[in-house]
Amino acid sequence: MSRFAFLVATFCFAAATYAQTITFGASVQLTGPVANTGRYYKDAYDFAIDKINAAGGVKVGGAQSKLALKLLDNQSDVNLSVRQYSQLLSQDKVNFLLGPFASNFVLADSSIAEKASVPMVQGGGASDEIYTRGYKFIFGTLPPASDYFGSTIDAMKKLNPPPSSVALLYADDSFDVSVAKGTSALLQKAGIKVALDQRYSSNASDFSVVLVAGHETEVLNFIRQAKGLGVSPKLYSFTVGVPSADFRQALGKDANGASGMTAWLPSASLKDTWFGDAEAFARDWKARFGYDPDYHAAAGVAAVEAFVKAIESAGSTDPAKVRAALAKVSFDSLYGHIAFNDKGQISLPQIMIQIQNDKVVPIFAGTDFINKLEYPLPAWGKR
Amino acid sequence: MQLLLQVLASGVLLGGLYALMALGLALVWGVLNIVNLSHGALIMLGAYATYFMFTGAHIDPFAALPVTAIVLFVIGYAIQRGILNLVIRGPMFNTLLITFGIEVVLTYLAQLWFSADFRAINPTYAGANFAVGGITIPLVQVISFAIAIALTVAMWLFLLHTRIGRGIRASAQNLVAARLYGVDPKRIYAVTFGLGAALAGVAGGLYGTVSQINPYIGGPLTAKSFAIAIIGGLDNPLGVIVGGLCLGIVESLTALYIGPTYRDVASFGILVLVLIVRPSGLLGRTT
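Residues numbered from 1 in each chain as written. Chains lettered and ligands numbered in written order. Predicted model: local features only at pLDDT ≥ 70, side-chain atom pairs only at ≥ 80, totals over all residues.

Caption draft 1: The overall build of chain A, seen in detail. In terms of regular secondary structure, chain A is built from 11 helices and 18 strands. Expected size for 383 residues packed as a compact globule is a radius of gyration near 21 Å; at 23 Å, chain A falls within 12% of this value. When the backbone C-alpha atoms are referred to their principal axes, chain A occupies close to 95 × 35 × 35 Å. For chain A, the proportion of its 383 residues judged to be buried stands at 50%. (Helix = DSSP H or I, 4+ residues; strand = E, 2+ residues; numbered from the N terminus. Rg over C-alpha atoms; globule rule 2.2 N^0.38 Å. Buried ≥ 20, exposed ≤ 12 C-beta atoms within 10 Å, placed from the backbone.)

This is the structure:
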């Protein structure tokens with residue numbers, strides 16, 4: 001009898017301290033045309049989960065739980081991505097979802113999460129369209145696409161000589177259309193003349209400022225064709241490529257002068273619970289993966305951290321409770337201050353950056369210039 | 001007017017490069033009756049070969065083209081001799097499947113070895129341009145155009161006047177008669193495929209100087225080469241020049257007047273039109 005009681009006691013004790021593994025599911029572009037950015041997310045999720053597990057994991061209901069990741073390769077195919085998220089939920093029975101890269105993927109995949117009432121935190125989609133559907137379970141660590149050129153336009157207002165006209169070029173997909181809509185509104189408010197057409201209706205070389213919202217391929221071709229055709233805008237800024245190392249490497253010296261924006265720079269002032277600060281994070285990332293992280297990487301890590309803080313605050317892994325905790329989460333991290341608005345999107349200002357001497361230099365944030373902007377850019381032949 | 005001329009000039013230069021891309025495909029298709037779905041992957045490999053010679057050994061990309069051609073010729077010869085020869089007498093569907101499989105394998109090997117990072121071949125003179133009557137012409141594109149046209153004409157002369165060329169044409173017209181004349185089909189087929197691959201490789205190297213390289217550029221380029229080969233007609237090697245120029249100009253004009261989104265609609269629209277009105281291609285025989 002006493003042996004039986006002892007067995008029962010041991011069993012109850014074990015059950016009380018049994019720590020479950022919390023599994024995240026994600027479908028990311030590891031192969032296919034956008035794999036060069038998709039891999040940032042795989043590395044970010046792996047890195048964050050390893051770091052958090054090394055520090056003891058997540059505290060849930062009195063026990064420390066480890067995190068695990070089930071990652072699938074969607075081959076840059078949206079339809080496969082949707083099927084994979086369904087599989088992650090129904091077959092692999094993951095606890096929570098992490099997002100893919102790219103707004104068009106997030107738009108489709110988020111519907112799966114919402115239908116299953118499982119929270120998804122994604123760091124890959126910035127399009128405002130993601131947050132217009134009244135979804136309650138989707139949170140995003142990328143600030144709104146409509147504001148991408150915000151700091152650039154604020155900087156333009158302070159330039160001397162002021163830009164006479166702006167060409168706004170954009171590709172035909174959710175993210176870029178979002179950017180264009182928001183940017184043209186901001187330009188109008190700033191009183192800057194805009195030529196919105198994708199096509200040049202008059203002298204092609206007469207634009208003083210060109211803003212491009214497009215994919216890396218188009219931006220790369222734009223720069224090379226501008227050089228080849230002798231088109232020298234005084235200022236040109238892109239929504240993609242400039243913060244990313246492989247883009248700068250592909251262009252070499254031709255990347256100098258290009259402006260862009262990022263919501264994140266590896267600054268030591270961004271303190272983090274697990275990584276120390278953003279500067280240490282960037283160093284450790286480079287040591288582990290062999291390339292420099294950019295805001296995609298930081299946004300991916302922020303997604304994992306947001307989940308951990310929410311789970312600890314909710315004290316449970318119940319999807320509805322964690323969802324409620326995510327909506328209220330507010331903490332500082334290597335990515336900046338993480339808090340989601342009532343639509344589920346983070347609000348972070350974009351920092352205008354420019355490539356000078358092969359390095360990314362922060363130019364403008366808030367209301368002031370941080371460093372000198374190279375403007376007007378000299379003609380291609382004179383660089 | 002200025003803008004129209006500029007766009008036409010760009011279209012013509014682009015068209016020359018397209019013609020070279022399609023030449024390899026048309027050659028293999030016309031002679032071996034193989035629609036090589038891995039053609040784009042061979043273009044991609046040629047682009048990478050030129051890129052690595054440029055960045056690794058600092059060989060000027062245009063000087064590296066002959067080496068690229070030889071490397072791709074060897075690869076093409078091996079693919080034909082080793083793999084395609086096994087299904088060449090079978091239904092065409094089998095060759096479609098096998099070449100599709102080769103395309104998938106080559107693409108993912110490239111992803112494994114070279115990663116998905118974008119590369120660009122950026123020689124120091126990449127931005128040089130000269131003005132002709134108010135139109136700006138990029139130097140690199142002119143050189144690519146000149147090489148493309150030269151190779152196409154050279155291929156035409158090769159097929160017409162050399163022994164191997166005549167052997168290739170003979171095998172295409174009547175294999176039994178060709179064998180009676182001493183043509184070894186296995187060798188001729190492998191040489192032809194190798195030539196097609198070599199042309200694809202050179203086109204890839206040139207493509208890398210005007211656009212960017214990643215493992216996935218192959219698919220759309222195969223489709224484009226396919227369209228050009230059909231538009232130009234398979235019977236005459238000069239047909240690809242006509243097809244390429246046609247496509248280059250149509251794409252540039254569409255991008256200007258209708259919108260860049262409709263470029264592919266216009267390209268493939270022309271293809272459908274040609275298939276309806278003149279199925280053997282613009283330069284094909286009408287019998």
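Caption draft 2: Highlighting unusual backbone geometry. All names here are of chain A. A cis amide bond, omega 5 degrees, links Asn160 with the succeeding residue Pro161. Residue position: Pro161 is located in the loop between helix 5 (150–157) and strand 7 (166–170). In this structure, the amide linkage connecting Tyr375 to the following residue, Pro376, adopts the cis form with an omega of -10 degrees. Relative to the assigned elements, Pro376 resides in the segment after strand 18 (368–369). The backbone of Lys93 sits at a positive phi, close to 50 degrees, despite the residue not being glycine. Along the chain, Lys93 falls in the loop between helix 3 (78–90) and strand 4 (96–98). The backbone phi angle of Asp358 is positive, close to 65 degrees, even though this residue is not glycine. Locating Asp358 in the fold gives a position in the loop between strand 16 (351–356) and strand 17 (359–365).

Caption draft 3: Quick look at the interface of chain B and chain A. Listed per partner, the contact involves 23 residues of chain B and 26 residues of chain A. Broken down by secondary-structure element, the contributors of at least two residues to the side of chain B that touches chain A are helix 4 (92–114), strand 2 (135–138) and helix 5 (139–161) of chain B. The residue makeup of the side of chain B that touches chain A, split by class, is 11 nonpolar, 10 polar and two charged. (Contact = placed C-beta atoms within 7 Å. Nonpolar A, V, L, I, M, F, W, Y, C, P; charged D, E, K, R; others polar.)

Caption draft 4: The arrangement of the environment of Ser267(A) in detail. Residues and elements named next belong to chain A. Here Ser267 lies in the loop between strand 11 (259–262) and strand 12 (271–272). Using a count of 14 C-beta atoms within 10 Å as the deciding quantity, one classes Ser267 as partly exposed. Residues Ser267 and Ala278, spaced 11 residues apart in sequence, show a C-alpha to C-alpha distance of 5.4 Å. For Ser267, the residues in contact, after removing those within four places along its chain, are Ala278 and Glu279.

Caption draft 5: Structural detail: the nonpolar core. Core analysis: the biggest nonpolar cluster contains 201 residues, and Leu97(A), Leu17(B) and Leu20(B) have the highest contact counts within it. By residue number, the principal contributor to this core is helix 1 (residues 2–32) of chain B, which donates 17 residues. Residue assignment places this core across two domains, with domain 1 (2–146 + 266–339) and domain 2 (147–261 + 350–382) of chain A each supplying three or more. (Core = buried A, V, L, I, M, F, W, Y, C linked by C-beta atoms within 7 Å. Domains from an automatic or database assignment.)

Caption draft 6: Seen up close, the sheet that holds strand 1 (residues 21–28) of chain A. Residues and elements named next belong to chain A. With mixed pairing, six strands are arranged side by side in an open sheet as 2-3-1-4-5-6. Lying at the two open borders of the sheet, with one neighbouring strand each, are strand 2 (58–60) and strand 6 (138–140). Strand-to-strand, the axes of this sheet are offset by a mean angle of 30 degrees, without reference to chain direction. Packed on one face of the sheet, helix 3 meets strand 1, strand 3 (63–73) and strand 4 and runs near 165 degrees to strand 1. (Pairing = 2+ DSSP bridges. Axes fitted to C-alpha atoms, helices over the stretch in contact; angles between N-to-C directions.)

Caption draft 7: Geometry of the domain arrangement of chain A. Residues and elements named next belong to chain A. What the domain assignment reports for chain A is domain 1 (2–146 + 266–339) and domain 2 (147–261 + 350–382). Computed from C-alpha atoms alone, the centre-to-centre distance between domain 1 and domain 2 is 32 Å. In this assembly, 16 residues from domain 1 lie in contact with 14 residues from domain 2. Tallied by class, residues from the side of domain 1 that touches domain 2 come to seven nonpolar, five polar and four charged.

Caption draft 8: Main features of the pairing of strand 15 (residues 336–339) of chain A. Alignment of strand 14 (residues 330–333) of chain A against strand 15 of chain A, held across four bridges, turns out to be antiparallel. Each residue of the ladder has a partner; that of Asp332(A), found in strand 15 of chain A, is His337(A).

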